[in-house]
Amino acid sequence: MADLIGLTTHGRDVERSEVLPTRGHPAPDTITKLVKRLRALTLTLLPVEVDPESLIEPTSTIITQEVITAYRAAAGDFEQALPYCLLRARAEFMWDANHNPADYGENYGRAVACEVLARKIAHLFPRDKLTDVMSTRYQHLQIDGDLSETASALEMAIDQHCIVFLSSSEAQEVVNALWNGELVQVNNKNNDIDYVPYSQLREHTFISRIDASRMSVPRYQNIFRIVVWLFFLVVYSQAVREPLERIDITHPFDVWEIILYFMALSFAVEDTFRFFKLLHFVVWWRAFSFWNIIAFIIDALLVAAFALRVAGISAANDDAGAHWRLSSFQVLSFVAPFIWMKLVTIFDGYKYIGTMQICVARMLKESGIFFALLSVLAVGFAQGLYALDAADGTIESPYTVINVLIQALLQSPDYSKFSASPVGLLLYYFWNTVTAIILLNILISLFATAYSDVVDNAEAQYLAFFASKTIGMIRAPDSYVYPAPFNLIETIFIVPFENLPLVHLSEKNYAKLNRFVMSFIFFIPLTVIALYESTFTSDFGNKNRWVESWFRGDDEGAEDAVENRNPTVDDMNCRGMEISKVPFEELVKVFPNTTQSTEATILKEVVELRKKLDLVLEKLNA
C-alpha cells in the first residue's frame, strides 16, 4: 500500500510534485459517502477511549505513518477532498460527544484523531496543490437530506476552532497569502468563491497596481481600521469637550459632533452587516461573542446620545432643553470605557494583543458558571431581604436592597443597614460569606484555569485566531469593500444601482461604477498600496530584492536543498581540501528515526531481530 500512495518506508512523500487527480468536482453525495467511510475507519482505529495528548504528539504510536497511508488510500481518487472530509468527520464526532456524555471521551478522541490526520495529510500534498486543498469548497448531505452550506477545509477548521489544523505551516501559508493579498477572492457565477494568485490578474506595473480591489485585502483593511479608529477617538475626545466650550444650551451640533455621529452611524451599519454575516456564514452562537456585544452597546449608546441631543435642540423651553442636553452628554460620556476597550480588537492583528484578547475572551466564557450561580443566589437573597424589610409594614425602594447586595459583592458591605433586624443582619452575613469566600474563589480558579490553558498553547491559539480573523474579513461574497465610514457612501449612492429596478445596472456597468467611485475615494491609500507592492513585493525578478532583504532580514530559504548536502570547495587558497569527505548519506545513517516514537523504534528493532533469529534457526535446522 505504501508503494501505491508513493511513500518511502519512513512515510515521507517521495514525489512532492506528483499530479493529483483533477477530474470533476465531487458531488455532495460523494463527499458524504467518503465522510462515512472515514468515520468507519476512525471507529475501527479507536474503539476505546485514548488520551488526546497521545494523538497530538508528533511521534504518536497511534497516528503512525502506516495509519496515514491507509487513510490516504481510503479516499481513492478523491484525495484532494480528504482534509475537508476528515474535518467534517471531526464535526460529527464532536456532535456525538456533546450529545452522548457517556461516550464523550471516546468520541472526543476520535475527533482529535480526525483533526490530526487532516493536518498530517495536508502536509503530504505538493505545494502547488496546497491552495486548492485548503480553499476548494464542498457540500455534503445533512441528516434530513438537505444540502449543507458550501465550505472549504480552511473554513471548516475555523468554524470548529481546530487549533491543531490551523496552526500547521500548510494552513498558515494559505492564511498569510490571503492576509497579504497574494491570493485574492474571486466570485464565480454560482455565488461561490475561488482563491487565485493576484499576480495572474494584473500586470506588474505601478499603474496597474492602483486597483480598487486591493481595499479588500485583510492586511490593508486592518491598517485602514486602525487609522480610522484612532481618528474616531480624537473626534470623540473633542466632542465630549463641547459642554465646556459652549454655554448656549440650544446651540446646534458643532463640527466635532457632526463627524462623531456620522462615523457612529457608519460603524452601526458595519456592525449590523457583520452580525448578519456571522449568522449566515458561521454557527449562530458565534454572532453573540463578547466583542460583538461590546460593539452593540457602543452603537446603542451613541444612537441614544444622538436622540437625546436632538431632543434637547428641539425642546420647547430652555429647562427641557438643558435636561435633554445633560442626559445626552452623560450617555455620551458613558461610551468612553467601551470605545477604549475596543482598541483591543483594532490592534488584535499583533501577536501580543491578539493573545491577550484570546485570554480575556476565554476568561469571560469561563465566568459564565460564576454569573449563573451569582444570579440565582442574588435573586434568593434579594427576595429574602426585601420580605424582611416589608415585615414591619413599611418598605423601602427595591433598589436599596439591590444596592447593598452589590456593595457587599464589591467588598464594601453596609452592615448598619440591617442593624435593627437580627434576622436580616444574619442573612446579610450569609450573603457576604457566600460571595466573598465561595463564589469569588470559584471565579478566581476559573480564571486561572482559562489563562493557563491559553498560555500553555499560546502559539497555536493565536494562529487559529489569526486565521479566523483573516477569513472573516473576506468570507462574505463582497467584491467591493467600503470600510467605515465610507460604507455609508456605498449604502446611499451605490447599492440602489444594484437593487432598485428603475436604476438597476448590469453586472459589468455596476463593477465599473464601483471601481470608479472607490478609485476616487481611496486614491491616496491605493497609491500608497501600489507604491509599497511595486517596491517591496516586486515581481520583476530580483530588481528590488535588496530592498526587501533590507526590511525583512535575511532568508536562507530551504536549508535542506540538495546543493547544501555535499558542498564543494571553490576557495583558491584551499586547493585539494574538501568539506564533503564523508558524504551526507553516510552521515545520516547513524541518526535515529525521530518520526517514530521510542516504543515503535524498539518494536521495529525487535521484529528485525526476530527475523534474523528465525533465519539462523532455519539454517541450523537445515
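Residues numbered from 1 in each chain as written. Predicted model: local features only at pLDDT ≥ 70, side-chain atom pairs only at ≥ 80, totals over all residues. Heavy atoms only, no water.

Within an unreviewed UniProt entry, the label attached to the protein chain reads Calcium activated cation channel, and the organism entered is Leucocoprinus birnbaumii.

**Quick word on the overall build of the protein chain**
When helices and strands are tallied, the protein chain shows 30 helices and 4 strands. Here the protein chain holds 622 residues, and 38% of them are scored as buried. For the protein chain, restricting intrachain contacts to residue pairs at least 6 apart in sequence, the fraction spanning at least 24 positions comes to 70%. (Helix = DSSP H or I, 4+ residues; strand = E, 2+ residues; numbered from the N terminus. Buried < 20%, exposed > 50% of the residue type's maximum accessible area, 1.4 Å probe, protein only. Contact = heavy atoms within 4.5 Å.)

**Quick notes on the nonpolar core**
In terms of nonpolar packing, the biggest core is built from 68 residues, with Leu154 and Phe165 touching the most fellow members. Setting aside anything within four residues of it in sequence, one finds leucine 154 in contact with Met134, Leu166, Ala171, Val174, Val175, Leu178 and Ile471. One finds Phe267, Phe338, Ala484 and Tyr510 within the second-largest nonpolar core, a separate group that totals 42 residues. (Core = buried A, V, L, I, M, F, W, Y, C linked by side-chain atoms within 4.5 Å.)

**Some details on the UniProt feature "transmembrane region" (unreviewed entry) in the protein chain**
Residues given the UniProt feature "transmembrane region" (unreviewed entry) here are residues 223-239, 259-276, 288-308, 328-347, 368-388, 428-451 and 513-532. Structurally, residues 513-532 comprises 95% helix and 0% strand, and the distance from its first C-alpha atom to its last is 26 Å. (UniProt positions renumbered as here; feature names shortened; annotations may be inferred.)

**Regarding the confidence of the model for the protein chain**
Confidence in the prediction for the protein chain averages 79 pLDDT; 83% of positions are at 70 or higher. The element-level mean pLDDT for the protein chain is lowest in helix 1 (residues 2-5), coming to 40, with helix 5 (residues 82-99) highest at 92. For residues 538-558, every residue scores under 50 in pLDDT, and the model assigns this stretch 18 contacts once sequence neighbours within four places are set aside. (pLDDT = per-residue confidence, 0-100.)

**A word on the side chain of arginine 219**
Summarising the element assignment, arginine 219 is placed in helix 12 (residues 218-239). For arginine 219, a relative accessible area of 17% translates into the label buried. Excluding anything up to four places from it in sequence, arginine 219 contacts Trp179, Asn180 and Tyr532.

**Details of the packing of helix 8 (residues 153-160) against helix 23 (residues 458-474)**
Orientation of helix 8 relative to helix 23, taken along the N-to-C sense of each, is 120°, at an axis distance of 10 Å. With respect to helix 23, the element helix 8 is oriented oblique. Relative to helix 23, the crossing made by helix 8 is left-handed. On helix 23, the residues touching Leu154, Glu155 and Ile158 of helix 8 are Ala467, Ser468 and Ile471. Tallied by class, residues from the contact of helix 8 with helix 23 come to 4 nonpolar, 1 polar and 1 charged. (Axes fitted to C-alpha atoms, helices over the stretch in contact; angles between N-to-C directions. Parallel < 35°, antiparallel > 145°, perpendicular 65-115°, else oblique. Left-handed = near helix turned anticlockwise from the far one by under 90°. Nonpolar A, V, L, I, M, F, W, Y, C, P; charged D, E, K, R; others polar.)

**Details of helix 26 (residues 507-521)**
Between its first and last C-alpha atoms helix 26 spans 21 Å; for 15 residues at 1.5 Å apiece the expected length is 21 Å, and the two agree. Taken together, the buried positions of helix 26 are occupied by Tyr510, Ala511, Asn514, Val517 and Met518. Down the axis of helix 26, the smallest arc covering the buried residues is 135°, so these residues share one side. Among the exposed residues of helix 26, those oriented more than 90 degrees off its buried face are Lys508, Phe516 and Phe520. (Expected span 1.5 Å × (residues − 1). Arc of directions from axis to C-beta.)

**Describing the environment of leucine 405**
When you line up the elements, leucine 405 lands in helix 21 (residues 398-409). On the basis of relative accessible area, leucine 405 is assigned to the buried category, the value being 6%. It is 8.4 Å that separates the C-alpha atoms of leucine 405 and phenylalanine 381, two residues lying 24 residues apart in sequence. Setting aside chain neighbours within four positions, we find leucine 405 in contact with Ala378, Phe381, Ala382, Leu385, Tyr428 and Trp431.

**Re helix 5**
In a regular helix each residue adds 1.5 Å, so 18 residues correspond to 26 Å; helix 5 covers 26 Å between its end C-alpha atoms and thus fits that length. Of all 18 residues in helix 5, 13 are buried; the element is thus mostly enclosed.

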